[in-house]
4 protein chains.
Amino acid sequence: MSENVAAFPQAENENDHGDDTDKSSGSSDGGKDVGGVAGARLRSFIERIERLEEEKAALMEDIKEVYAEAKGTGFDTKTMRKIISLRKMETEKRRESEELLELYKSAIGMV
Amino acid sequence: MSENVAAFPQAENENDHGDDTDKSSGSSDGGKDVGGVAGARLRSFIERIERLEEEKAALMEDIKEVYAEAKGTGFDTKTMRKIISLRKMETEKRRESEELLELYKSAIGMV
Amino acid sequence: MSENVAAFPQAENENDHGDDTDKSSGSSDGGKDVGGVAGARLRSFIERIERLEEEKAALMEDIKEVYAEAKGTGFDTKTMRKIISLRKMETEKRRESEELLELYKSAIGMV
Amino acid sequence: MSENVAAFPQAENENDHGDDTDKSSGSSDGGKDVGGVAGARLRSFIERIERLEEEKAALMEDIKEVYAEAKGTGFDTKTMRKIISLRKMETEKRRESEELLELYKSAIGMV
DNA sequence: ACCGTGGTTAGCTTTC
DNA sequence: GAAAGCTAACCACGGT
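The present account deals with the structure reproduced in this document. (Residues numbered from 1 in each chain as written. Chains lettered and ligands numbered in written order. Predicted model: local features only at pLDDT ≥ 70, side-chain atom pairs only at ≥ 80, totals over all residues. Heavy atoms only, no water.)

This paragraph deals with the protein's contact with DNA strand F. Lining the immediate environment of DNA strand F, one finds K56, K78 and R81 of chain A, E53, K56 and M60 of chain B, K71 of chain C together with K64, K71 and T77 of chain D. Sugar and phosphate atoms represent 100% of those atoms of DNA strand F found within 4 Å of the protein. The side chain of K56 of chain A places a nitrogen or oxygen atom 2.7 Å from a phosphate oxygen of DNA strand F. At a separation of 3.2 Å, a phosphate oxygen of DNA strand F approaches a polar side-chain atom of R81 of chain A. Secondary-structure elements contributing two or more residues to the surface near DNA strand F are α2 (77-88) of chain A, α2 (37-73) of chain B together with α1 (37-73) of chain D. Broken down by element, the surface near DNA strand F gets its largest block of residues, three residues, from α2 of chain B. Split into classes, the residues belonging to the surface near DNA strand F amount to one nonpolar, one polar and eight charged. (Near = heavy atom within 4 Å. Polar contact = N/O pair within 3.5 Å; in protein donor to acceptor, adjacent residues only side chain to side chain. Helix = DSSP H or I, 4+ residues; strand = E, 2+ residues; numbered from the N terminus. Nonpolar A, V, L, I, M, F, W, Y, C, P; charged D, E, K, R; others polar.)

In contact at an axis separation of 10 Å, helix α1 (residues 37-73) of chain C and α1 of chain D are set at 170 degrees when each is read in the N-to-C sense. One way to sum up the angle between α1 of chain C and α1 of chain D is to call them roughly antiparallel. Tallied by class, residues from the contact of α1 of chain C with α1 of chain D come to 18 nonpolar, two polar and 14 charged. (Axes fitted to C-alpha atoms, helices over the stretch in contact; angles between N-to-C directions. Parallel < 35°, antiparallel > 145°, perpendicular 65-115°, else oblique.)

Given a rise of 1.5 Å per residue, twelve residues ought to cover 16 Å, and the 17 Å separating the end C-alpha atoms of α2 of chain A matches this to within 8%. Taken together, the buried positions of α2 of chain A are occupied by T77, T79, M80, I83, I84 and L86 of chain A. (Expected span 1.5 Å × (residues − 1). Buried < 20%, exposed > 50% of the residue type's maximum accessible area, 1.4 Å probe, protein only.)

So, on to the side chain of K56 of chain C. Turning to its location among the elements, K56 of chain C is positioned in helix α1. Despite being buried, K56 of chain C has no salt bridge partner; E53 of chain C is the closest side chain of opposite charge, sitting 4.9 Å away. Excluding anything up to four places from it in sequence, K56 of chain C contacts K56, L59, M60 and I63 of chain D. (Lys, Arg positive; Asp, Glu negative; His and termini not counted. Salt bridge = Lys/Arg side-chain N within 4 Å of Asp/Glu carboxyl O. Contact = heavy atoms within 4.5 Å.)

Moving on: the protein's contact with DNA strand E. Near DNA strand E you find K71 of chain A, K64 and T77 of chain B, K56, M60, K78 and R81 of chain C together with K56 of chain D, and these make up its full shell. If you look at DNA strand E and keep only atoms within 4 Å of the protein, 100% of those are sugar or phosphate atoms. Between DNA strand E and T77 of chain B, the relevant distance is 3.3 Å, taken from a phosphate oxygen to a side-chain nitrogen or oxygen of the residue. With respect to DNA strand E, the side chain of R81 of chain C contributes an N or O atom lying 2.4 Å from a phosphate oxygen. Taken together, the elements giving at least two residues each to the surface near DNA strand E come down to α1 and α2 (77-88) of chain C. The class makeup of the residues in the surface near DNA strand E is one nonpolar, one polar and six charged.

Glancing now at the interface of chain A and chain C. Each partner contributes residues to the interface: chain A has 13 residues there, and chain C has 13 residues. Both faces combined, the contact of chain A with chain C buries some 1,300 Å², and carbon together with sulfur accounts for 81% of it. The three residues of chain A that bury the most area against chain C are I83, L101 and Y104 of chain A, which together make up 38% of that side's buried surface. Taken together, chain A and chain C are joined by zero salt bridges. Our count for the chain A to chain C interface comes out at zero residue pairs in polar contact (both at pLDDT 80 or more). Sorting the residues of the side of chain A that touches chain C by element identifies α2 and α3 (91-107) of chain A as the ones contributing at least two each. A class-by-class count of the residues in the side of chain A that touches chain C yields eight nonpolar, one polar and four charged. (Buried area = accessible area lost by both parts, 1.4 Å probe.)

Another point: the packing of aromatic side chains. Applying the stated criterion across every chain, the model contains four aromatic pairs over all chains. Between the aromatic rings of F75 of chain A and F45 of chain B, the centroid separation amounts to 6.0 Å while the plane-to-plane angle is 75 degrees, which identifies the pairing as edge-to-face. You can see F75 of chain A sitting in the loop between α1 (37-73) and α2 and its partner F45 of chain B sitting in helix α2, one on each of two chains. Assigned by exposure class, F75 of chain A and F45 of chain B land together as buried. Against the face of Y67 of chain A rests R81 of chain A, its NZ or CZ located 4.0 Å from the ring centre. (Phe/Tyr/Trp six-rings, centres within 6.5 Å; stacked < 30°, edge-to-face > 60°. Lys NZ or Arg CZ within 6 Å of the ring centre and 35° of its normal.)

Note on the identical chains: chain A maps onto chain C by a rotation of 180 degrees and an axial translation of 0.0 Å, with an RMSD of 0.3 Å. Such a turn and shift between the copies fits a two-fold axis. Taking C-alpha positions as the reference, the residue of chain A nearest the rotation axis is E98 of chain A, at 7.6 Å. Residue by residue, 100% of the interface of chain A is reproduced at the interface of chain C, so both copies engage with the same surface. (Least-squares fit on C-alpha atoms with pLDDT ≥ 70 in both.)

Glancing now at the interface of chain B and chain A. Residue-level contacts link 35 residues of chain B with 36 residues of chain A. Both faces combined, the contact of chain B with chain A buries some 3,600 Å², and carbon together with sulfur accounts for 72% of it. Looking at the side of chain B facing chain A, the largest losses of area belong to F45, I49 and F75 of chain B, adding up to 17% of the total buried there. On the surface where chain B and chain A come into contact, there are four salt bridges. Note that E69 of chain B is salt-bridged to R48 of chain A, the shortest N-O span being 3.1 Å. At the junction of chain B and chain A, the tally comes to four residue pairs in polar contact (both at pLDDT 80 or more). The set of elements that each furnish at least two residues to the side of chain B that touches chain A consists of α2 and α3 (77-107) of chain B. It is α2 of chain B that contributes the most residues to the side of chain B that touches chain A, 21 residues altogether.

To continue, consider the pattern of salt bridges. Tallied over the entire structure, the rule returns 21 salt bridges over all chains. Between K82 of chain D and E99 of chain B there is a salt bridge, with its nearest N and O atoms 2.4 Å apart. A residue pair is termed interchain when its members come from two chains, as with K82 of chain D in helix α2 (residues 77-107) and E99 of chain B in helix α3. A relative accessible area of 32% means that E99 of chain B is categorised as partly exposed. Several salt bridges converge on common partners, so that one network encompasses K82 of chain B together with R95 and E99 of chain D.

No statement about biological role is implied by the geometric values presented.
This is the structure we're talking about:
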């Protein structure tokens with residue numbers, strides 16, 4: 001019990017009046033709320049997440065398709081990626097990194 | 001036929017070590033179609049991608065929020081992630097097994 | 001065409017009296033010597049590969065440890081990675097890529 | 001310099017304009033220790049990593065050779081790869097399941 | 001002989 | 001500060 005992992009909600013209350021555990025409508029399992037309301041909620045959360053991840057995967061697929069189309073038109077996708085990444089990058093931070101890199105390079109004589 | 005998109009679309013080639021003395025710094029449209037139709041197309045592709053990536057980022061945000069909500073309800077997100085990962089693994093493994101089966105079938109002529 | 005994948009070298013081995021070179025009782029996938037000696041050979045190849053991949057994984061672990069040690073000494077690992085990657089890169093190729101990138105950038109007006 | 005990136009271990013130095021091109025051997029800590037002890041250590045780390053990566057590359061080469069040999073014997077490498085991947089997946093999944101079980105156990109106080 | 005595809009690896013982010 | 005998951009780049013292979 002070194003780390004409290006708290007898999008299920010009912011554990012978080014410090015007011016642990018222990019008799020609230022088995023309220024689940026005559027559940028035959030006697031105790032764990034297996035299949036009970038917490039289980040239902042958990043399932044719901046998980047399904048929501050899985051649904052969102054599917055959408056994300058679809059979007060990634062779309063992106064890949066755009067790249068493919070661009071490539072089919074004759075563009076170089078590697079360069080495109082580089083451009084997009086550059087546009088995302090803050091200039092300041094980039095410059096700093098480059099300075100640091102120079103420093104290191106001179107440190108090892110790789111001028 | 002000679003409707004070759006020119007300028008950009010042949011970029012993929014990385015050898016061609018020609019030391020391109022033709023500096024495009026002059027930004028004359030003479031040869032490169034800089035800012036011309038290929039440039040416009042490229043820009044369009046890039047903007048489409050950036051738009052999709054924004055949507056993706058939004059989705060990722062949503063996912064984070066669901067986790068946060070679940071956590072607020074008392075669930076342990078680490079466990080949730082593991083469950084989701086296992087479920088995904090099951091799906092993947094099943095899919096791969098089916099592919100393997102197909103492979104075997106074709107191997108023995110059961111096509 | 002040519003759906004013939006030929007998973008096994010000599011499939012026509014009708015003499016399939018399980019000559020039990022196969023000792024693996026616990027094997028999950030058909031560890032059976034279906035097809036005669038070919039199964040044994042296949043298993044041998046696969047085990048050799050798995051062994052090599054273990055070694056590779058160990059090596060990757062070692063590399064991670066060196067990075068960790070360097071970090072513990074105060075170096076910035078991200079920069080180190082960059083240096084290593086630069087050293088691997090042929091200068092010529094890198095310069096060319098940069099030129100191409102410049103070209104693209106000017107193409108979309110991102111000067 | 002929003003984030004202190006900790007360019008060099010000996011950090012204590014606040015004078016940061018390393019204008020002094022001090023390459024002299026008896027560098028008296030006045031500047032960056034360029035080429036000094038930190039540089040030497042960095043170089044050592046980098047060389048160790050590069051050595052390990054060479055070994056790794058050799059191992060990858062070996063793996064390729066085994067695949068080639070198997071192919072020469074008549075096996076279908078694609079199938080082999082899939083089998084190996086499935087076997088790895090099994091191992092991973094089993095490990096993860098066990099972790100999940102531990103998680104659950106601690107969650108219900110079965111520590 | 002080239003292109004497209006998929007699988008692999010490394011780097012980055014985020015979490016604990 | 002360490003660990004893991006996610007993402008993107010790389011590379012090798014098979015197909016056309």
